[in-house]
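Summary of the model geometry
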Amino acid sequence: MPFNPFFSRAATAAAATLGLMAGPAAYAAPPAPPPLEAYGELPGVSSVTLSEDGNKIAAILRSGENNVLAVFDPSGKITYNASTGTAKVRAVTWVGNDTLLVRTSTTVALGIGFTAARAELGSTIIVRLDGSKPEVVFAGRTNIAQTTRGFYGVRKVDGVGQPYIGGIVAEVTRGGSYLNNTNSTLFRIDTRKNSPTRVAEAAPPEHGRDWLIGPDGTVSATLDIASKTGDWTIKNAKGVKLASGNDPTGAVGLFFFGKDGSTIIYGKAEEDKTFNWYEVPLAGGTPVPFLKDEEIEQTYVDPLNGNLLGYLPDRENAKPVFYDPKHQAVANQIAKAFSKYHMEMTDWNGDFSKVLVRTDGGEGDSGTWYYVDVASLRANSIAYEREAIMPEQVGAISTIAYKAADGLDLDGILTLPPGREAKNLPVVMLPHGGPASYDSPSFDWWAQAFASRGYAVFQPNFRGSTNRDSAFKHAGDGEWGRKMQTDISDGLAELARRGIIDPKRACIMGASYGGYAALAGVTLQNGLYRCSVAVAGVADVARMYTTDVRESGYNPMARKGLQEQLGDPTKLGEVSPRRFAARADAPILLIHGKDDTVVPFVQSTGMAEALKNAGKPYEFVTLKEEDHWLSRAATRKQMLEAAMAFVQKYNPAD
């Protein structure tokens, strides 16, 4: 039976005229919360994307424990659907109007001879809508490893769309094939025959390489960087040097072409640690600063030629900026129509007459996808991400500004329990991972789950977050367990000052770096929290440093980057919660996936051992076959159920 992407609410939702968008209905009485598993479930729809002509929509849909690749038209008519099983789908990309690329990843054990025990390896599957059997890129080739490394866009060659994908070339001998160089070689894939053509060679060992592919399908610019020295150069197709420099941390990137395709835009770190963008003519010339005084949240790039169409400034209430006046007019209409929501323009067709929009956040939206037909000025809701969570069950989301103890301006995202007065509430502090990341006023499944059970949830954007300028990001350098940590508790104090929360009823939890902060909140700090939940958290920063350096192959660039972020390696024990387990003043819940390739499982087992030896209360939950990103529904729900039970035990909401 075809899987219907038009869920019940979406099927009955009226098409809205742009500028007259109606929000979800208001409800008089506080709602009963949905089952906890409704929050832990993976979104019902993801990887939504438009075909080249804008007349077909592809998406990954959840069907029980399986994923389904579905293609449908704007009216909801199914034209193709096929199960992708339990594969971890990372992206779906159109090649023209009749072929799709489905990119997946799998956690694999590497065995003897590798610097890491596990790795997340990617695959790319070609799906043709003519009903022929899907094929895996590079499958069955002895001279190319059975994995894909890097996606460089789709370009039309002789009128046919062809993707550019990185692959690892193997050396073939009479004794078999082996990997002499694991850097990516650039291939063009003829999806009609699943035939790869080598376009550009891999960088030599101890070097990195990136490419920009021109509209004709040839390499227009190449970035090379030496990992030992940090020397880097950008050259055009004729070998003319466009830019060069040195950065021991490797903070340089090749982004896209300028608005007319005659220039390229790259970024590099400055001596003051700020990261700036530059534009330089492809033919050669002097690089000049690009958008020097503007922080960028999102860029809009033409998928068929790599030209920059516009950008979204990173500031409150910012609207998209497009170079083409027609595109700008469309963006203005869309921004106005969805002004009450946290909104993203996620995809569009070639002439910008069809646009995909995703919303969440404001007025009870747990994640909705819209198909915008610009000609008719209509936006049709096509799918809801969380069908089981109704608008009235979504907690109110707002941004709270506050100051750190040293006067630095900060902010955080506050999610309130539906139907409860924002006064003297129990609170869960939920610092984000990264730490080079940030939280925005959008629907967060983890925050909303706890809000639904009566907790205020605060997600502080501490120094080191990426929601402000480079100076703010680098203000976190060397501040793990120090000012980055007190930025979190300063947010707790601000909420107490405003009377929103009861500071005596606070817990702290998080994942990855957020898990580190949760552990630090009850070891490096004391007297603040009733409990701590650390999911895939770093417990020993010194051990993390040595592990990351080893797994990089002792890459000098990786070493320098870690030292810049963390500080003096000899002092990392001073901010490692494992080494202060005896000071833990609240129960700790440790949760970790066995397939984590980012924060090793041993970080949590080491913390558990230290807590046991110190006689401190703790619990440990192992997530089998789960990676760092909680990619599987079953283990995501297992994590959420364990975390909720733990917090309710030590910090009950009522």
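Computed from a prediction, not measured in an experiment: that's the story for all the values here.

**Let's talk about the overall build of the protein**
- Assigned secondary structure in the protein consists of 11 helices and 38 strands.
- For a compact globule of 654 residues, the expected C-alpha radius of gyration is about 26 Å, and the protein comes in at 25 Å, within 12% of that figure.
- Structurally, the protein occupies a C-alpha span of about 65 × 60 × 50 Å along its principal axes.
- Looking at the protein as a whole, 53% of its 654 residues are labelled buried.
- If you take every contact in the protein between residues at least 6 apart in sequence, the share linking residues at least 24 apart comes to 56%.
- Accessible surface computed for the protein: about 27400 Å², of which carbon and sulfur atoms make up 50%.

**Brief notes about the sheet that holds strand E24 (residues 296–301)**
- On the basis of which strands lie adjacent, the open sheet formed by three strands has the order E24-E25-E26 and antiparallel pairing. The sheet is open, and its two edges are formed by E24 and strand E26 (321–322), each paired on a single side.
- Pairing of E24 with strand E25 (residues 308–313) involves five bridges; the strand directions are antiparallel. Across the sheet, Gln298 pairs through a bridge with Leu312, a residue of E25.

**Thoughts on the pairing of strand E17 (residues 219–226)**
- With respect to burial, E17 is a largely interior element, seven of its eight residues being buried.
- Of the strand pairs in this sheet, strand E16 (residues 207–213) and E17 are connected by seven bridges, and their pairing is antiparallel. Within E17, the position partnered with Arg209 by the bridge is Asp224.
- Linking E17 to strand E18 (residues 231–236), which pair antiparallel, is a turn of four residues; within it Gly230 sits at a positive phi near 85°.

**Brief notes about the packing of helix H8 (residues 541–551) against helix H9 (residues 556–566)**
- One can describe the packing of H8 onto H9 by two numbers: an axis separation of 10 Å at closest approach and a directional angle of 160°. The orientation of H8 with respect to H9, classified from their angle, is roughly antiparallel. The element H8 and its partner H9 pack so that their crossing is right-handed. Where H8 abuts H9, its residues Val541, Met544, Tyr545, Asp548 and Val549 lie against Arg559, Leu562, Gln563 and Leu566.
- Within the contact of H8 with H9, the residues separate by chemical class into six nonpolar, one polar and two charged.

**Overview of the confidence of the model for the protein**
- Residue-level pLDDT values for the protein average 89, and 93% of them are 70 or greater.
- Contacts from residues 1–28, a stretch scored under 50 in pLDDT, to residues over four places away or in other chains number 67 contacts.

**Focus: the environment of Glu387**
- Along the chain, Glu387 falls in the loop between strand E30 (378–384) and strand E31 (397–403).
- Classification of Glu387 by relative accessible area gives partly exposed; the value is 25%.
- With 343 residues separating them along the chain, Glu387 and Gly44 place their C-alpha atoms 7.4 Å apart.

**Let's talk about the packing of helix H6 (residues 483–497) against helix H7 (residues 513–523)**
- The geometry of H6 relative to H7 is characterised by a closest axis approach of 10 Å and an angle of 75° between their N-to-C directions. Overall, the two elements H6 and H7 adopt an arrangement that is roughly perpendicular. Each of Met484, Gln485 and Ile488 in H6 lies in contact with H7, whose residues at this interface are Tyr513, Tyr516, Ala517, Ala520 and Gly521.
- Per-class residue counts for the contact of H6 with H7 are six nonpolar, two polar and no charged.

**Considerations on helix H3 (residues 325–337)**
- If you check H3, its first and last C-alpha atoms are 18 Å apart, about what 13 residues at 1.5 Å a residue would give, namely 18 Å.
- Regarding H3, the residues found buried are His327, Gln328, Val330, Ala331, Ile334, Ala335 and Ala337.
- Those residues of H3 that are buried are in contact with E25, E26, strand E27 (342–348), strand E28 (354–361) and strand E29 (365–373).
- Structurally, the start of H3 carries an N-cap: the backbone nitrogen of Lys326 is 2.8 Å from a side-chain oxygen of Asp324.

**Here's the deal with the sheet that holds strand E5 (residues 78–85)**
- On the basis of which strands lie adjacent, the open sheet formed by four strands has the order E2-E3-E4-E5 and antiparallel pairing. Whereas interior strands pair on both sides, the edge strands pair on one side only; in this sheet they are strand E2 (45–50) and E5. Strand-to-strand twist of the sheet, defined as the mean angle between neighbouring strand axes without regard to direction, takes the value 20°.
- In the sheet, strand E4 (residues 66–72) pairs with E5 via six bridges, with the strands oriented antiparallel. Pairing of Val71 across the sheet is with Tyr80, part of E5.

**As for the packing of aromatic side chains**
- Evaluated as defined, the whole model comprises 23 aromatic pairs.
- These aromatic residues form a ring-pair network of at least three members: Phe255, Phe256, Phe275, Trp277 and Phe290.
- Stacked on the ring of Phe601, the Lys or Arg Lys594 has its end atom at 5.2 Å from the ring centre.

**Let's talk about unusual backbone geometry**
- Here Gly434 and Pro435 are connected by a cis peptide whose omega angle stands at 5°.
- As for its position among the elements, Pro435 is in the loop between strand E33 (425–429) and helix H4 (445–452).
- Unlike most non-glycine residues, Ser47 shows phi in positive territory, near 50°.
- Along the polypeptide, Ser47 turns up in strand E2.
- Note on Ser47: relative accessible area 22%, which makes it partly exposed.
- One non-glycine residue, Ser512, lies in positive phi territory at about 60°.

**Some words on the environment of Val355**
- Structurally, Val355 can be placed in strand E28.
- For the pair Val355 and Ser532, spaced 177 residues apart in sequence, the C-alpha separation works out to 43 Å.

**Structural notes on the pattern of salt bridges**
- Across all of its chains, the model carries 28 salt bridges by this definition.
- Put simply, Asp190 and Arg192 hold a salt bridge, and the shortest N to O gap is 3.0 Å.
- Across the salt bridge formed by Arg420 and Asp654, the nearest N and O atoms sit 3.5 Å from each other. Of this pair, Arg420 sits in the loop between strand E32 (409–415) and E33 while Asp654 sits in the segment after helix H11 (633–650); the two residues are 234 residues apart in sequence, bridging distant segments of the chain.
- Under the relative-accessibility criterion, Arg420 is labelled partly exposed at 34%.

**Looking at the nonpolar core**
- One finds Trp480, Tyr516 and Val541 to be the most contacted residues of the largest nonpolar core, which totals 53 residues.
- Here this core takes seven residues from H7, the largest share from any one element.
- Excluding residues within four positions of it along the chain, Trp480 makes contact with Pro435, Tyr513, Tyr516, Val538, Val541, Met544, Gln565, Leu566 and Val575.
- Counting residues in each nonpolar core, the second largest holds 33 residues, with Tyr39, Leu630, Ala642 and Val647 among its members.

What counts, and at which threshold
- Residues numbered from 1 in each chain as written.
- Predicted model: local features only at pLDDT ≥ 70, side-chain atom pairs only at ≥ 80, totals over all residues.
- Heavy atoms only, no water.
- Helix = DSSP H or I, 4+ residues; strand = E, 2+ residues; numbered from the N terminus.
- Rg over C-alpha atoms; globule rule 2.2 N^0.38 Å.
- Buried < 20%, exposed > 50% of the residue type's maximum accessible area, 1.4 Å probe, protein only.
- Contact = heavy atoms within 4.5 Å.
- Areas by Shrake-Rupley, 256 points an atom, 1.4 Å probe, with all protein chains shown as cover.
- Pairing = 2+ DSSP bridges.
- Axes fitted to C-alpha atoms, helices over the stretch in contact; angles between N-to-C directions.
- Parallel < 35°, antiparallel > 145°, perpendicular 65-115°, else oblique.
- Left-handed = near helix turned anticlockwise from the far one by under 90°.
- Nonpolar A, V, L, I, M, F, W, Y, C, P; charged D, E, K, R; others polar.
- pLDDT = per-residue confidence, 0-100.
- Expected span 1.5 Å × (residues − 1).
- Polar contact = N/O pair within 3.5 Å; in protein donor to acceptor, adjacent residues only side chain to side chain.
- Phe/Tyr/Trp six-rings, centres within 6.5 Å; stacked < 30°, edge-to-face > 60°.
- Lys NZ or Arg CZ within 6 Å of the ring centre and 35° of its normal.
- Salt bridge = Lys/Arg side-chain N within 4 Å of Asp/Glu carboxyl O.
- Core = buried A, V, L, I, M, F, W, Y, C linked by side-chain atoms within 4.5 Å.

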